[in-house]
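Read off the chains here:
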Amino acid sequence: MNQPKITVIGSINMDLVTETDIVPVQGETVRGTNFQTIPGGKGANQAVAAARLGAEVTMIGRVGDDQFGDVLMDQLRKENIQVDHIDHVSHTPTGLANIILSEQDNRIIIIAGANGKVTKDYIEQIKAAILTSDYVLLQFEIPKETIFFSIELCHKHGIPVIVNPAPAMELDKATWEKATYITPNETERQQLFGNQHNEKLIITKGKQGVSFVEAGKEQEVSAHSVDVVDTTGAGDTFNGALAVALAEGQSLTKAVTFANAAAALSVGEIGAQGGMPTREQVEQFLEKG
Ligand code: RIB
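In this text the structure is predicted, and so the values were computed from the model without any measurement.

Brief notes about the sheet that holds strand S12 (residues 210-214)
At step 1: The three strands lie next to each other as S11-S12-S13, forming an open sheet whose pairing is antiparallel. Edge positions in the sheet fall to strand S11 (202-204) and strand S13 (217-221), since each of these pairs with one other strand and no more. Strand after strand, the sheet turns through a mean of 20° between neighbouring axes, direction not considered.
At step 2: Relative to S13, S12 is paired through five bridges, and the arrangement is antiparallel. Among the inter-strand pairings, Ser211 is bridged to a residue of S13, identified as Glu220.
At step 3: Sheet strands touched by helix H9 (residues 252-266): S11, S12 and S13. Its angle to S12, the strand with the most contacts, is close to 170°.

Next comes the structure, spelled out in structure tokens:
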């Protein structure tokens, strides 16, 4: 099987992760239990997930002219991700995510920084790299007009694109229709599509599994029961894995099953990219049932 070519257009963040037993209410100070800086960003996470699963991955994005930018670029290189189309923007900080981890779940505030400068013009300049992809992945941590432009570009050139609408942001109906698949979680689905379901929507529902429509019928793949250390990046793992499986020509049901297993394995370690599995790990996990 040929190595699938995946291009991710999206965010690159340094995650500032605070673990705490108590989440402070407004005006309150509490004692946390641990703090770490960990590579993240929905775009970079999806790129790492796809690369660990065996794809040839190109990441398109921007970092700031600071130390975090250098660290994040090095991390992507270590994962064998092509970084020629990530540039350093001067006088701009690298994107950040403040993450509070408590009770096995997260609360995230993102600060766009250089992700806000992944402009439509930047994509236009490097579009040749996108046009050789088997699949493109997009999330919503870069400017809206860049998202429009990228979906349009992929559609025009017949390149399938998975749009992960996180964090949720409205797009017009005509643009949604140009996406090959849209992968909201349950909250994003309600915000953007209400109770609608259709062949484009693949809805990730955490412990309730994944719901999608194939051959006109609603299908469900159940979630796996696993020990959870940190759920940050589980959705990104799902998206990266889904792109790999679809680019390999797997059926939608098989691709969702593969991505669901990869996402389950990803929650076993701290950090968005920490627990992302290799291909072998996913295949062994699926074999064991
Ligand atoms: O999906 C998880 C990611 O969301 C984190 O890595 C953080 O950077 C935010 O982008």
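As for the nonpolar core
At step 1: Grouped together as the largest cluster of nonpolar side chains are 47 residues, with contacts concentrated most on Ile6, Val57, Leu76, Ile81, Ile202, Leu242 and Val256.
At step 2: If one sorts the elements of this core by residue count, H9 sits on top with eight residues.
At step 3: If we skip the residues at most four places from it in the chain, Ile6 touches Ala50, Ala55, Glu56, Val57, Thr58, Tyr135, Leu137, Ala243, Val244 and Ala247.
At step 4: Counting residues in each nonpolar core, the second largest holds 27 residues, with Ile9, Val136, Leu171 and Ile182 among its members.

As for helix H8 (residues 234-247)
At step 1: In this model, H8 (14 residues) spans 20 Å end to end at C-alpha, consistent with the 20 Å of a helix rising 1.5 Å per residue.
At step 2: In terms of residue burial, H8 counts as a mostly covered element, since twelve of its 14 residues are buried.
At step 3: All of the buried residues in H8 are Ala234, Asp236, Thr237, Phe238, Asn239, Gly240, Ala241, Leu242, Ala243, Val244, Ala245 and Leu246.
At step 4: Of the residues one or two after H8, Gly249 is the one with positive phi, at around 90°.

A look at the site of the ligand
At step 1: Taken together, 14 residues form the shell around the ligand, and within it Asp15, Gly41, Lys42, Glu141 and Asp236 come nearest.
At step 2: Within the side chain of Asn13, a nitrogen or oxygen atom sits 3.0 Å from an oxygen atom of the ligand.
At step 3: Here an oxygen atom of the ligand sits 2.5 Å away from a polar atom, N or O, in the side chain of Asp15.
At step 4: Summarising the interface, the protein chains cover 96% of the accessible area of the ligand, which totals 280 Å² for the free molecule.
At step 5: Of all elements in the fold, only strand S2 (13-19), helix H1 (42-52) and strand S7 (105-111) reach the threshold of two or more residues within the shell around the ligand.

Remarks on the packing of H8 against H9
At step 1: It is at 8 Å that the axes of H8 and H9 come closest, and there the two elements cross at 145°. Taken as a pair, H8 and H9 cross one another with a handedness that is right-handed. Only Leu252, Ala255, Val256, Phe258, Ala259, Asn260, Ala262, Ala263 and Ser266 of H9 make contact with H8, whose side of the interface consists of Ala234, Thr237, Phe238, Ala241, Leu242, Ala245 and Leu246.
At step 2: Among the residues making up the contact of H8 with H9, the classes are represented as 13 nonpolar, three polar and no charged.

Looking at the UniProt feature "binding site: substrate" (unreviewed entry) in the protein chain
At step 1: Following the UniProt record, one finds the feature "binding site: substrate" (unreviewed entry) at Asn13, Met14, Asp15, Gly41, Lys42, Gly43, Ala44, Asn45, Glu141 and Asp236.
At step 2: When near neighbours in sequence (up to four residues on either side) are disregarded, Asn13 contacts Ile38, Pro39, Gly40, Gly41, Leu72, Gly95, Leu96, Ala97, Ile110, Asn115 and Glu141.
At step 3: With respect to the helices and strands, the residue Met14 is situated in strand S2.
At step 4: Not counting residues within four places of it along the chain, the set of residues in contact with Met14 comprises Thr37, Ile38, Pro39, Phe68, Val71, Leu72, Gly95, Leu96 and Ala97.

Criteria and thresholds
Residues numbered from 1 in each chain as written. Predicted model: local features only at pLDDT ≥ 70, side-chain atom pairs only at ≥ 80, totals over all residues. Heavy atoms only, no water. Pairing = 2+ DSSP bridges. Helix = DSSP H or I, 4+ residues; strand = E, 2+ residues; numbered from the N terminus. Axes fitted to C-alpha atoms, helices over the stretch in contact; angles between N-to-C directions. Contact = heavy atoms within 4.5 Å. Core = buried A, V, L, I, M, F, W, Y, C linked by side-chain atoms within 4.5 Å. Buried < 20%, exposed > 50% of the residue type's maximum accessible area, 1.4 Å probe, protein only. Expected span 1.5 Å × (residues − 1). Near = heavy atom within 4 Å. Polar contact = N/O pair within 3.5 Å; in protein donor to acceptor, adjacent residues only side chain to side chain. Areas by Shrake-Rupley, 256 points an atom, 1.4 Å probe, with all protein chains shown as cover. Left-handed = near helix turned anticlockwise from the far one by under 90°. Nonpolar A, V, L, I, M, F, W, Y, C, P; charged D, E, K, R; others polar. UniProt positions renumbered as here; feature names shortened; annotations may be inferred.

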